[in-house]
Each structure stands twice: as structure tokens, then as C-alpha cells.
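Here is how the chains run, residue by residue.
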Amino acid sequence: MQADTRSDDASLPHAQAWLEANALAAACDWAGAAAAYARLADATPGDAAPWLGLAKAQARAGRYRDMHAATMRAHAAGPRSWPHALALARLLRDLHEPRALTELSLALAGRADQASVDDMVALADLLGAEDLHEAGMAWLDRAVARDPGHAPARYVRGSTRLFLGDMAGAREDLDRAIALTPHFAHAHRRLSQLRAQDTAGTQARIARLRDERARVAPGSEHDIHFSHSLFDELHELGEHEAAWPELERGMRAKRAAMRYDVADDLRLLEAIRDRCDAGFLAGPGHDPGAGAQQPVFIVGLFRSGSTVLERMLGGHPAMAEGGESMGFAAALRLAADHRGQGLIDAALLDRLETIDWPALGRAFLEANAWRARGRGLWTEKLPTNSLLLGCIARALPRARFIHTRRAPMDVCFSNLRMLYGGSARWSYDQRELAAWHQGHAALMAHWHGVVGPRLLDVAHDDLLRDADATMHRVLAHIGLDFDPAVLTPARGGGAVSTASAAQVRAGLRAPRAPDWLPYRDRLGPLASGLGVDPVIKA
């Protein structure tokens, strides 16, 4: 009894310390909470819980590097419960640590029976957000086996199957999700992306979309998804007069739901150009030497052809598809000790002088060379790395860049009809979209001036009209001999989790009239902002 009493007495200070740490966090005293969680972590370093508390407090305190360190200590300790495991998975996702996230997923497999179906779906969703779709599928298969009538599990598994190229399986899961929850607007939207594989069902899908939209609040997130889906279905049928009001309705509602000023983004683009000049790029970076594994960065606007180019490059035996990785952005944040807003912000620009650029380049390669899967080169296809191109070029003097381009009206209309998540806030208003396009074009012109021959432009139309000659030019740019396997982007295997997931697996399509042409009378603000004549393809 005496020994038990001592144990109870010893636990009282520990329990009190937890109460105090949690109270400080609840009061948003992040510095105090961080200190309190740090004491708990020092007392029990093998317990992931205080490290998780410390990581969250450091994040709120704006100490990005300390947040990262605490998160990795939590990962090393190993979470003892599923709530803690999911909290750790969210932190690893936010930090873009895919290898650690994969290790966590594998470690949790032995405790799958302790997880709820919601837990499994949440973990799969986080894995998918880091392009770890095969790992996510294992959890989704478990979730559906446990509860075949779980609509979110069916939706996420359907999306994952789409990304992995299993179109029939994707339709099966998405149809089941909708049958279980008819108002599941996200599932309807995802199913509309598979419309080319089920043209016979188009009219039934349109009728169902209209019926379900009539049941939701106008301007709601559900309404937005239904409206964009209707546009895509009607556009595919050639019913353009009926299609345009659906797109306009969806865009208007989405734009109204956001606080955004494109002028802020344009000022940021100008600040990037001013800060990352030729003198900045002349500074030292990390050169691993000839023969070392190297990334090839594909940048450009969304919908500019970057996905199909990556699929083509991935056919080369010396090249691996790395996907839309946030690897460099994560390394830059860690080097600058700053999370910031978006991919880059003014505060991060102000910290560029404090960064050890050779160390940053080395850290990026060490953390991301696994993406090459034993090959000499791998693609880093995050389009918005165009904003970081100067930083990448400085840190990695051997890196090569490819800028995918499409005609202004083509690429802008393709963005206008897309429904993105929290990104591309400029894509729901014609004038804002045009302004962003022009600002991005000015940024790419700047990079050409300071990066020189390391940056190659590739026009999407060139890929469609003469893929052979274009890929000869691309491969020469990155130092590879031509291989005819690069001409088959429709090959099986690999994951594609962009808006082109279904389209790119159909292969290269023949050039055709632009999709925006039937709506040219409605696109005056866009054409005016781009300075083009909407009567002709510009």
C-alpha cells in the first residue's frame, strides 16, 4: 500500500502540470504553454503526448523550427492512442514530412482494430494529401471492409482510385457514396470528372445534379460543387447556352465566400522579382557534383500542361515522377524558421539574408532524393514553385527548370472552369484571373533574365502537335538521351492527383478548337485584361 501511495503522490504533480499546460494553451499564452509542455516532455521523453502539445504551442508562437523538432520527437516516441496518432499525422502533413507520415501509417497498421472507421478515413485523407495514395488505399480498404455503408470512406476511396488510375473502381465507390448520401456534393463533383468514361449516363447525372442542388442553400459549398459539375456535364454535351449560367453561378458564389484582393498577390510577385535578382542568384548554393541525383522542377500556371509533361518524362528509364511535392517549400520554411502565409510571403522574403543556402540545398536533397527511387533524376512538379524559382536556383545550382505554357485565353479559361480548394483564389473572377496571369508572366520573364539557359519554355500546343521533337528538346535540356517511352503518357502505373487525373491517362489528344470559344461573348473582361482578341485563339 505504501508503494501505491507513493506512486499516486508522484502522479499528482504530473497531473497538475498537465492541467497548467492545457490552461495556458486555452488562454492562448503560447510561450507559457510551450514552456509548460517542454517541462512535461523533459520529464517523460518517451511519451508523445507532451511533444505534441509542445509542437502545437510552438506553431502558434511562430517558432516553426521548434515546432518541427517537437513533432519529430513525438514521432520518435510513437503515439499511444489514435487521437494522438491523428494529431501527429496532421502535424507531419502540415510540415510535409511524407517519409515520417509513411512510417507512422505502417506502425499504426498493427493497431487498426483500435481505430474507428472515421479514424481510418482521416488518416487516409492525410496520406493522400502528401500523394501517398497507395498507403492511403490500405486504410480505405480496411474502412470499407469494416463498414461498406460509410459514405465518406467510399468517397475518399473513389477519389484515391481515380488518382491511381482505377477508373471503374472509382466510379463504383463514388456511385455508392452518392447512393448512401444523395446530397454528397463533393462525390457528385468527383464523379463528373469521370464523365468521359460514362457518356451514356450523362443525362441521368445532369438530372440528379439539378434535383440535389434544388435541395441545398443557394451560394453554399454544396451549391458551388453542384453548379461546377453541371457546367462540366453540359459543356461536354455541347449545350453551351445552358452551361455558362451554371459556371457563372458557381464562380460568383465561390468568390463571395472569400476575402481576397489580387493586388496583394501582384505586390508579392513584384517583391519577389526585386529581391531575387541576378546578384542574389550569384551567391553560393549546394553543388553535390556531377552524377548525383538531381530534381527537375516543372513550373507554370495551373492547367498549363505540367501534368502531361511529367507523365511523359516519367516514361524515361532515368527519370522518376516526384509529383506535386512541397519539399522545397518545407525546406525553405525550416531554413528561415518561418511558416508564413501561402507558399511565400513578405516576411519570408525579408529572411532570405539569414538563410544558409548551401545547407538548405543539402537538406532538401537529403530529404527528397528518395523520390528518385534509385534513378538519376526526379521531377518536382508543383506549379507554384514558380514563385520560389529564384530561391531554388540559388540553393541548387545544378537544378534545371521547365516552364509549361499555354495560350493565355486557353490556360485562363481552363482555370476559370476549375473548382480549387483554398488555392488559386484569383480563378473565380475574370479580371482577377487576367491580372494574375499577367503578373505571373512578368515573373517568368524575370526568371528567364536571371536564370538563363537553366530555364526552358515548353508550349502545351507543341506537345500536342509534335511530341517527338518537343520531347527531344526537353530531354536535351536536362541532359538525357531520347527514349521513345516518353511519348506514352497514357501508360499505366503511378499516381496523378491533379485536376488532370482522368484526362492525362487518355494520352495526348489532337489539337482542337479551344474550349472557351463558345463562350467568347461572355469572356470580354478576361480578354480585355489579357490584351487579346477573343474572336481568335490568342
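Heads up: the structure comes first, above all this text.
Residues numbered from 1 in each chain as written. Predicted model: local features only at pLDDT ≥ 70, side-chain atom pairs only at ≥ 80, totals over all residues. Heavy atoms only, no water.

We now examine the overall build of the protein chain. The number of helices and strands found in the protein chain is 26 helices and five strands. Here the protein chain has a C-alpha radius of gyration of 25 Å; the compact-globule value for 538 residues is 24 Å, and the two agree. Each principal axis of the C-alpha atoms in the protein chain carries an extent, and together these give about 90 × 60 × 45 Å. The burial tally for the protein chain puts 51% of its 538 residues in the buried class. As presented, the protein chain carries roughly 22,600 Å² of accessible surface, and 51% of it is formed by carbon and sulfur atoms. In the protein chain, 63 side chains carry a positive charge and 66 a negative one; their mean positions are 1 Å apart. (Helix = DSSP H or I, 4+ residues; strand = E, 2+ residues; numbered from the N terminus. Rg over C-alpha atoms; globule rule 2.2 N^0.38 Å. Buried < 20%, exposed > 50% of the residue type's maximum accessible area, 1.4 Å probe, protein only. Areas by Shrake-Rupley, 256 points an atom, 1.4 Å probe, with all protein chains shown as cover. Lys, Arg positive; Asp, Glu negative; His and termini not counted. Charge placed at Lys NZ, Arg CZ, Asp CG, Glu CD.)

Another point: the environment of arginine 417. Note that arginine 417 resides in the loop between helix H22 (408-416) and helix H23 (430-451). The exposure class assigned to arginine 417 is buried, which follows from its relative accessible area of 7%. As a C-alpha pair, arginine 417 and methionine 251 span 166 residues in sequence and 8.2 Å in three-dimensional space. In this structure, arginine 417 is in contact with Arg189, Arg195, His228, Phe231, Asp232, His235, Leu247 and Asp515, ignoring residues within four places of it in sequence. Here aspartate 515 takes part through its side chain, which lies 3.3 Å from a polar atom of the side chain of arginine 417. (Contact = heavy atoms within 4.5 Å. Polar contact = N/O pair within 3.5 Å; in protein donor to acceptor, adjacent residues only side chain to side chain.)

This structure, assessed with the given rule, holds 15 aromatic pairs. Between phenylalanine 302 and tyrosine 420 the ring centres are 5.3 Å apart and the planes differ by 40°, which places this aromatic pair in the tilted class. One end of the pair, phenylalanine 302, is in the loop between strand S1 (294-300) and helix H17 (306-313); the other, tyrosine 420, is in the loop between H22 and H23, with 118 residues separating them in the sequence. Comparing phenylalanine 302 with tyrosine 420 shows no difference in burial state: the two are buried. (Phe/Tyr/Trp six-rings, centres within 6.5 Å; stacked < 30°, edge-to-face > 60°.)

Below, the discussion takes up the pairing of strand S3 (residues 377-380). Side chains Leu377 and Thr379 project from S3 onto one buried face, and the interleaved Trp378 and Glu380 project onto a second face that is buried too. Across four bridges, S1 lies against S3 in parallel orientation. Among the inter-strand pairings, proline 295 is bridged to a residue of S3, identified as tryptophan 378. In this structure, strand S2 (residues 319-320) lies alongside S3, joined through two bridges in parallel fashion. Each residue of the ladder has a partner; that of alanine 320, found in S3, is tryptophan 378. (Pairing = 2+ DSSP bridges.)

Phi angles above zero are rare outside glycine, and arginine 373 is one such case at about 50°. By secondary structure assignment, the location of arginine 373 is in the loop between helix H20 (357-368) and S3. In this structure, alanine 424 takes a positive phi of about 50° despite not being glycine. Considering the arrangement of structural elements, one finds alanine 424 in the loop between H22 and H23.

Across the sheet, which stays open at both edges, the five strands sit in the order S2-S3-S1-S4-S5 with parallel pairing between neighbours. Strand pairing shows two members of the sheet lacking a second neighbour, S2 and strand S5 (455-459), which therefore form its edges. Sheet topology note: the strand S4 (residues 400-405)/S5 ladder contains five bridges and is parallel. Bridging across to S5, isoleucine 402 finds its partner in leucine 456. Relative to S5, helix H25 (residues 467-477) is tilted by about 165°, and along the sheet it contacts S4 and S5. (Axes fitted to C-alpha atoms, helices over the stretch in contact; angles between N-to-C directions.)

Below, the discussion takes up the pattern of salt bridges. Evaluated as defined, the whole model comprises 26 salt bridges. Close ionic contact of aspartate 173 with arginine 161 constitutes a salt bridge, the shortest N to O distance being 3.1 Å. With aspartate 173 in helix H10 (residues 167-180) and arginine 161 in helix H9 (residues 151-163), the pair connects residues that are 12 residues apart, well separated along the chain. For the pair shown, aspartate 173 and arginine 161 are each scored as buried. With its nearest N and O atoms 3.2 Å apart, the salt bridge here joins aspartate 198 to arginine 205. Residue class for aspartate 198 comes out partly exposed when judged on its relative accessible area of 30%. According to the relative accessible area criterion, arginine 205 is buried, its value standing at 6%. The network of salt bridges with common partners includes Asp141, Arg154, Arg157, Arg161, Asp166 and Asp173. (Salt bridge = Lys/Arg side-chain N within 4 Å of Asp/Glu carboxyl O.)

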